[in-house]
Structures are given as structure tokens and as C-alpha cells.
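Spelled out, the chains give:
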Amino acid sequence: PAAVQGENAKFELVRAIENDLPLDDVNGISFVSKGEVVRTPPREFIKDLDEIPYPARHLLDMHKYTDPWKTHLGGATSPIITARGCRYSCRFCSKAVFGNQIRFRSVHNIIEEMRLLYDEYDVEIVSFDDDLFTQNRKRLLDFCNAMEKELPGKKWEAMARVDTVDFEILSRMKQAGCVELGFGVESGSPAILDLLNKGITVEQIIKAFKLTNEAGIVTGMFLIVGIPGETQEDIDLTKRMIAESKPKWINVFLLTPIPGTEIYEMTKHLIREDVDFGDFNDSFGGAYKKDVFEVSPMDRMREIMGFYLERFKGEIDPTFSIYDGSTMTD
């Protein structure tokens, strides 16, 4: 699928509709004309992301978005995306939106949007929703330097890969206000990691979590179950990896073979004939035929979550607040 550049496409689309101009001249869209689907040519990438205006948050009641986080986690939170594209090639990941070509916003541009969130909308922590915030070391260090100079004491969180961090960079991130890192780990089974083309090892996972915990940053772990060919041994290896890594939280997801991804092409003969990928609840709830698995993916998910909660019972307070290092009941 062609990469999507929605900002300019939406602007041109609205202009075409308002002026009764042909939609065929708007690149990067699809529409139905005379009963047939028309897809116009893809758009070029927006190379300078600083040209894109900040979201028009003034048009919203931002407290409806930030206050729920304050209620449940102890601090008002709002997201920012600072880059597009990822150089890695995980087989389950769709590159249809931003592709492999990496483009970054400037550090100054990021800092100013963060300042706006902190000052105008009472945000207490900025959540970077980039697929991978740590993929460029120099940029990350420049950002940390700017945070300490421009926004000292302000807090933020991000997502990372285990092979992009070391104790030096983690220490700098902690000093610059990083309170939490979520790692896309997916599995503790070398066979599953290879199948998903993660490009990481179990040893790297355990080491990264050890270093991040030592740096004083809250660690989170994303996992995937419901992978065709998955065995009890794979699940047991994942549980062992969790026990050794000691994450402060985990999220377990079912594998969704998104059309256009490698995993879709590799396993499409196992996908339900009636699956509707346009219905998030349907596809997310399990896209594969039931007889693909000896144990249902939902039971695998429960097994891992149950293991985690039992293994770390009494060690991790579910009301822990990453915003002030205390519990919500303080």
C-alpha cells in the first residue's frame, strides 16, 4: 500500500469539495465514483515535519482528554508524535502509513509543543507516541540536553527497542525527565522472535530491562500471543523472560495479520474467511481460524497475565503513580 500523507490530502480534498473540483486531482485518496472504487496516485512524503502546524487543541475541551489520566494514574497526560517512519522490519507491522523513510521533527519544534501542553493545558506528562522514540541516538541526546535547559523538571514517557538503549542513554533520559519506557518485546521465545523478524534476542531483552530499572525508569513490556505455530514451550519461555526482566507492567495482544504485512502473506491461508479487517473489534478479537491453535489465543493471554500478576504479587502496586513515585492512595 502507498504511504499516506493525510494533512495535505485533507486540505486539498476540502478545497475540491467546496469548489466542486474533480476529486481525481487530489492525490492520496480513494473514493467511489459510479459504483467503482477510484484510487488516486500516492502523495510524496512530507519531508520537513516542522512545516506541519501543531494540532488545533484549542478547538477541543482538552480536560476531557487529560483528566481521565489524572484520575487513573495521578497525572494529566497528552500525546505527541515527533517522527515518521521506522527502519526496522517486524513482519507484523504495517508500513502503509509512514514507510521506512525516517523523518524527524526538530528538537526546538518538539520542545515548543511540549511547552504549550505544560503551560496552556496543564499537562503533567507528555507521552511520545512515536513507534520508536529511541531510534536516533544523537537526536535523543540533543533532546535530553534541550529538556534540561528549557523544561527542567518536566516529565515524559516514550516507546523504545531493547537494542537501542544502554545505561548511558537511559541515565541521560532519566535526568531529562523520562519516567517510563514501553518496550516492544513480543515474546521470550527465540523461535517466535525470529518468525516475527524482531531482530533482537532474549538476552538483549533481559539486559535492557535490567538497565532501565537500574536507571530508575518505569519499564513496560508489550507482548503478542496467538501466533500460528505457537507452542506451550514458547509461552513458558515468555513467562521465564518476564520473570527475569521484572517489568512494572505488561500488555498482551493477539496477533492481527494486517493486510499488506509480511505476516499476512505468510499466514493468509489460516485467516477466517469472514474476518472483517474494517471492523476493529472483529479483527482485533482474533483473525485466525479456531482450529489453528491447540489452545485459544485468549487463554494464552490469560495464562501470561495470570502468571505475571501472581509472580509479582506484592512487588508491584497496581495503584503506582509514575508521576510522583507514590501510590494513588497517598
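Note that the structure is predicted; figures quoted are calculated from it, not measured. (Residues numbered from 1 in each chain as written. Predicted model: local features only at pLDDT ≥ 70, side-chain atom pairs only at ≥ 80, totals over all residues. Heavy atoms only, no water.)

Enquirer: Tell me about the layout of surface pockets, and please be specific about residues and values.
Expert: Of the voids in this model, the largest pocket is the one considered here, and its volume is about 1100 Å³. At the level of secondary structure, the elements contributing two or more residues to the lining of the largest pocket comprise strand E7 (155-160), strand E8 (178-186), strand E9 (218-225), strand E10 (249-254) and helix H10 (280-284). No other element matches E8, which puts four residues into the lining of the largest pocket. For the lining of the largest pocket, the per-class residue count stands at 21 nonpolar, eight polar and six charged. (1 Å grid on protein atoms, 1.4 Å probe; cavity = no way out; pocket = protein on both sides within 12 Å on 5 of 7 lines; lining within 4 Å. Points joined across faces, edges and corners; volume = space filled by probe spheres on them. Helix = DSSP H or I, 4+ residues; strand = E, 2+ residues; numbered from the N terminus. Nonpolar A, V, L, I, M, F, W, Y, C, P; charged D, E, K, R; others polar.)

Enquirer: Lay out a negative patch on the surface with the relevant residues and their values.
Expert: A cluster of acidic side chains, namely Asp61, Asp67, Asp119, Glu120 and Asp122, defines a negative patch on the protein surface. Tracing the chain through its elements places Asp119 in helix H3 (residues 107-120). (Patch = residues over 30% accessible without salt bridge, like charges linked within 9 Å, V, L, I, M, F, W, Y side chains within 5 Å. Areas by Shrake-Rupley, 256 points an atom, 1.4 Å probe, with all protein chains shown as cover. Salt bridge = Lys/Arg side-chain N within 4 Å of Asp/Glu carboxyl O. Lys, Arg positive; Asp, Glu negative; His and termini not counted. Charge placed at Lys NZ, Arg CZ, Asp CG, Glu CD.)

Enquirer: Can you lay out the packing of helix H4 (residues 137-150) against helix H5 (residues 167-175) for me, pointing to particular residues and giving the numbers?
Expert: To characterise two packed helices, one gives the angle between the axes of the helices and the distance between these axes. In contact at an axis separation of 9 Å, H4 and H5 are set at 30° when each is read in the N-to-C sense. Here H4 lies roughly parallel to H5, going by the angle between them. The handedness of the crossing between H4 and H5 is left-handed. Contact residues: Arg137, Leu140, Leu141, Cys144, Asn145 and Glu148 in H4; Glu168, Ile169, Arg172, Met173 and Gln175 in H5. Broken down by class, the residue content of the contact of H4 with H5 amounts to five nonpolar, two polar and four charged. (Axes fitted to C-alpha atoms, helices over the stretch in contact; angles between N-to-C directions. Parallel < 35°, antiparallel > 145°, perpendicular 65-115°, else oblique. Left-handed = near helix turned anticlockwise from the far one by under 90°. Contact = heavy atoms within 4.5 Å.)

Enquirer: Outline the side chain of Ser187, supporting the account with residue identities and numerical values.
Expert: With respect to the secondary-structure elements, Ser187 resides in the loop between E8 and helix H6 (190-195). Reaching out from Ser187, the side chain makes a polar contact with the backbone nitrogen of Ser189 at a distance of 3.0 Å. A distance of 3.4 Å separates the side chain of Ser187 from the side chain of Thr238, its partner in a polar contact. With residues up to four places along the chain from it excluded, the contact list for Ser187 reads Ile192, Leu193, Ile205, Leu223, Thr238 and Met241. (Polar contact = N/O pair within 3.5 Å; in protein donor to acceptor, adjacent residues only side chain to side chain.)

Enquirer: Give a description of the packing of helix H8 (residues 232-245) against helix H11 (residues 297-311) that names residues and reports values.
Expert: Taken N-terminus to C-terminus, the directions of H8 and H11 make an angle of 25°; their axes are 10 Å apart at the nearest point. Put simply, H8 runs roughly parallel to H11. The handedness of the crossing between H8 and H11 is right-handed. Facing Gln232, Ile235, Asp236, Thr238, Lys239, Ile242 and Ala243 of H8, the residues of H11 in contact are Arg300, Glu303, Ile304, Phe307, Tyr308 and Arg311. When grouped by side-chain class, the residues that make up the contact of H8 with H11 number six nonpolar, two polar and five charged.

Enquirer: Could you give an account of H8, with specific residues and numbers?
Expert: With 14 residues, H8 extends 20 Å between its outermost C-alpha atoms, agreeing within 8% with the 20 Å of an ideal straight helix rising 1.5 Å per residue. Where H8 is concerned, the buried positions are Asp234, Ile235, Leu237, Thr238, Lys239, Met241, Ile242, Ala243 and Ser245. Of the surrounding elements, those touching the buried residues of H8 are E8, H6, helix H7 (202-214), E9, E10 and H11. Looking one or two residues beyond H8, the residue adopting positive phi is Lys246, at roughly 60°. (Expected span 1.5 Å × (residues − 1). Buried < 20%, exposed > 50% of the residue type's maximum accessible area, 1.4 Å probe, protein only.)

Enquirer: Break down the packing of aromatic side chains for me, citing the residues and quoting the values.
Expert: If you walk through the whole model with that rule in mind, you get twelve aromatic pairs. Following the ring pairs from residue to residue traces out a cluster consisting of Phe128, Phe133, Phe143 and Trp156. Above the face of the Tyr88 ring, Arg161 is positioned so that its terminal group lies 3.7 Å from the ring centre. Over the aromatic face of Phe312 sits the side chain of Arg311, whose NZ or CZ is 4.9 Å from the ring centroid. (Phe/Tyr/Trp six-rings, centres within 6.5 Å; stacked < 30°, edge-to-face > 60°. Lys NZ or Arg CZ within 6 Å of the ring centre and 35° of its normal.)

Enquirer: Tell me about the sheet that holds E7, and please be specific about residues and values.
Expert: With respect to topology, six strands assemble into an open sheet ordered E3-E6-E7-E8-E9-E10, the strand pairing being parallel. Where the open sheet ends on each side, the last strands, each with one partner, are strand E3 (77-80) and E10. For this sheet, the mean inter-axis angle between neighbouring strands, taken without regard to orientation, is 20°. Inspection of the sheet shows E3 paired to strand E6 (residues 125-128) by four bridges, in the parallel sense. Residue pairing across strands places Pro79 opposite Ser127, the latter belonging to E6. With respect to the sheet, H8 is in contact with E8, E9 and E10, its orientation differing from that of E9 by roughly 180°. (Pairing = 2+ DSSP bridges.)

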